[in-house]
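# Structural features, examined
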Amino acid sequence: MAKAATTLIAATGLIGGYGAARWSGKRELGGAVLAVAGAGAAYRWRRTAGTGTAAALTGLYVAAFGGSHPLAKKIGAWPSVLAVTGVVAAASALAERGRG
């Protein structure tokens, strides 16, 4: 259950960060949600999957955030956020499952 919770934290950071920025009109609020959830996920990834895996997943989380912007120009904002969130969630679940 704790491993699934880590995946949900990361997904919440990406989806919640975008939603908070969009609905509040304050990009910094979205960034704060993204950062807090990312830090929480990174901490839990390190504890459950190890430092190297945590670094890789944290890098993917940041890259997903950055990559969602140009992707949004092609497929739309929400589809982009959902697509990159799916990638991060899948990688998180696979990495943590592998650590058993």
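All of these numbers come straight from a predicted model, not from anything done at the bench. (Residues numbered from 1 in each chain as written. Predicted model: local features only at pLDDT ≥ 70, side-chain atom pairs only at ≥ 80, totals over all residues. Heavy atoms only, no water.)

### A closer look at the side chain of S68
Stated precisely, the cut-off is as follows: Here a helix means four or more residues in a row that DSSP labels H or I, a strand means two or more in a row labelled E, and each is numbered from the N terminus. N or O atoms within 3.5 Å of each other form a polar contact, as long as, within protein, one can give a hydrogen and the other can take it, and as long as residues adjacent in sequence are counted only when both atoms are side-chain atoms. Should any heavy atoms of two residues lie within 4.5 Å, those residues are considered in contact.
Along the chain, S68 turns up in helix α3 (residues 51–75). Polar side-chain contacts of S68 include one of 2.7 Å to the backbone oxygen of F65. The contact partners of S68, leaving out residues within four places of it in the chain, are S80 and V84.

### Describing the nonpolar core
Nonpolar side chains in soluble globular proteins tend to be buried together. The following threshold applies: Take the buried Ala, Val, Leu, Ile, Met, Phe, Trp, Tyr and Cys residues and link them wherever side-chain atoms come within 4.5 Å; each set so joined is a nonpolar core. Summary of the burial criterion: residues with accessible area below 20% of their type's maximum are buried, those above 50% are exposed, and those between are partly exposed, where the area comes from a 1.4 Å probe applied to protein chains only.
In terms of nonpolar packing, the biggest core is built from 12 residues, these being A10, L14, L34, A37, A41, W45, A54, L57, Y61, A64, V84 and V88. Elements with a contribution of two residues or more to this core: α1 (2–24), α2 (27–49), α3 and α4 (77–98). Setting aside anything within four residues of it in sequence, one finds V88 in contact with A10, L14, L60, Y61 and A64.

### A short note on the layout of surface pockets
A probe matching the size of a water molecule, rolled over the atoms, marks out where space remains unfilled. Quick note on the threshold: Detection works on a 1 Å grid of protein atoms alone, calling trapped sets that fit a 1.4 Å probe cavities and calling open sets with protein on both sides within 12 Å along at least five of seven lines pockets, with lining residues defined by an atom within 4 Å of a point. Grid points are joined across faces, edges and corners, and a volume is the space filled by probe spheres set on the points. Any residue that is not Ala, Val, Leu, Ile, Met, Phe, Trp, Tyr, Cys, Pro, Asp, Glu, Lys or Arg is counted as polar, Gly included; the first ten are nonpolar and the last four charged.
Of the volumes computed, that of the largest pocket is approximately 360 Å³. Along its surface, the largest pocket is lined by 18 residues, and Y18, A21, F65, S68 and H69 are the ones closest to its centre. When residues of the lining of the largest pocket are traced back to their parent elements, those giving at least two are α1, α2, α3 and α4. A class-by-class count of the residues in the lining of the largest pocket yields 10 nonpolar, 6 polar and 2 charged.

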